[in-house]
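Chain by chain, the residues run as shown.
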Amino acid sequence: ALTGVVADQAKAIGAMNAVRQPVLLLWGAADPLLPPAAAHVLAKHLKNASVSMLMVPDASHYPPMEIPERYAAMLENWITQATPAP
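Just so you know, these numbers come straight off a predicted model, no measurement behind them.

Parameters at a glance
Residues numbered from 1 in each chain as written. Predicted model: local features only at pLDDT ≥ 70, side-chain atom pairs only at ≥ 80, totals over all residues. Heavy atoms only, no water. Helix = DSSP H or I, 4+ residues; strand = E, 2+ residues; numbered from the N terminus. Buried < 20%, exposed > 50% of the residue type's maximum accessible area, 1.4 Å probe, protein only. Areas by Shrake-Rupley, 256 points an atom, 1.4 Å probe, with all protein chains shown as cover. Lys, Arg positive; Asp, Glu negative; His and termini not counted. Charge placed at Lys NZ, Arg CZ, Asp CG, Glu CD. Pairing = 2+ DSSP bridges. Salt bridge = Lys/Arg side-chain N within 4 Å of Asp/Glu carboxyl O. Core = buried A, V, L, I, M, F, W, Y, C linked by side-chain atoms within 4.5 Å. Contact = heavy atoms within 4.5 Å.

Asks: Any chance you could explain the overall build of the protein chain here in plain terms?
Replies: A count of helices and strands for the protein chain gives 4 helices and 2 strands. Listing each helix as α and each strand as β along the protein chain from the N terminus yields α-β-α-β-α-α. The 86 residues of the protein chain split such that 21% are buried. Total accessible area on the protein chain is roughly 5900 Å²; 64% of this is exposed by carbon and sulfur atoms. Both charge centroids of the protein chain, one from 5 positive and one from 6 negative side chains, sit 17 Å from each other.

Below, the structure written as structure tokens:
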């Protein structure tokens, strides 16, 4: 299902396919603008990246503003786990 359209779809898909770093999709599950299905569509376009997805059940479109402390803790935890040991 199409969940959104950008001005240049081919360019956007090409840019997503070029991503080769680990990616975290930290998503507000209660987001009315970009519902969880949109995260799954986005993840499919990140074909060359290792994608982690965290759905936050009590967050909407702006998790960093809605749950800033928890958001920061989740992000810090993911970065710590995704960073190779020296």
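Asks: What's the story with the pairing of strand 1 (residues 23-28) in this structure? I'm lost.
Replies: In summary, the side chains of a regular strand alternate between the two faces of the sheet. The element strand 1 is largely enclosed, with a buried count of 6 among its 6 residues. Here strand 1 shows a buried face lined by Val-23, Leu-25 and Trp-27 and a second buried face lined by Leu-24, Leu-26 and Gly-28. Sheet topology places strand 1 next to strand 2 (residues 51-56); 6 bridges connect them, and they run parallel. Paired with Leu-24 across the two strands is Ser-52, which belongs to strand 2.

Asks: Would you take a moment to explain the pattern of salt bridges for this structure?
Replies: A side chain of one charge can pair with a side chain of the opposite charge when the charged atoms of the two come close. What the rule picks out here adds up to 1 salt bridge. Here Asp-58 makes a salt bridge to Arg-70, at a shortest N to O gap of 2.7 Å. On the criterion of sequence distance, the pair formed by Asp-58 in the loop between strand 2 and helix 3 (63-66) and Arg-70 in helix 4 (residues 68-82) is long-range, its members being 12 residues apart.

Asks: What is the right way to look at the nonpolar core in this model?
Replies: Judged by nonpolar contacts, Met-16, Val-23, Leu-25, Trp-27, Ala-38, Ala-39, Ala-43, Leu-46 and Ala-49 together constitute the single largest core of 9 residues. Those elements giving two or more residues to this core turn out to be strand 1 and helix 2 (36-45). With sequence-adjacent residues up to four places away left out, Ala-49 is seen in contact with Val-19, Gln-21 and Val-23. Counting residues in hydrophobic clusters, the runner-up holds 6 residues, among them Leu-24, Leu-26, Val-56 and Ile-67.

Asks: Could you clarify how one ought to interpret the environment of Asn-17 in this entry?
Replies: In this structure, Asn-17 sits in helix 1 (residues 9-17). Put simply, Asn-17 and Asn-48 are 31 residues apart on the chain and 6.1 Å apart in space, counted from C-alpha to C-alpha. If near-sequence neighbours (up to four positions away) are discounted, Asn-17 is found in contact with His-45, Lys-47 and Asn-48.

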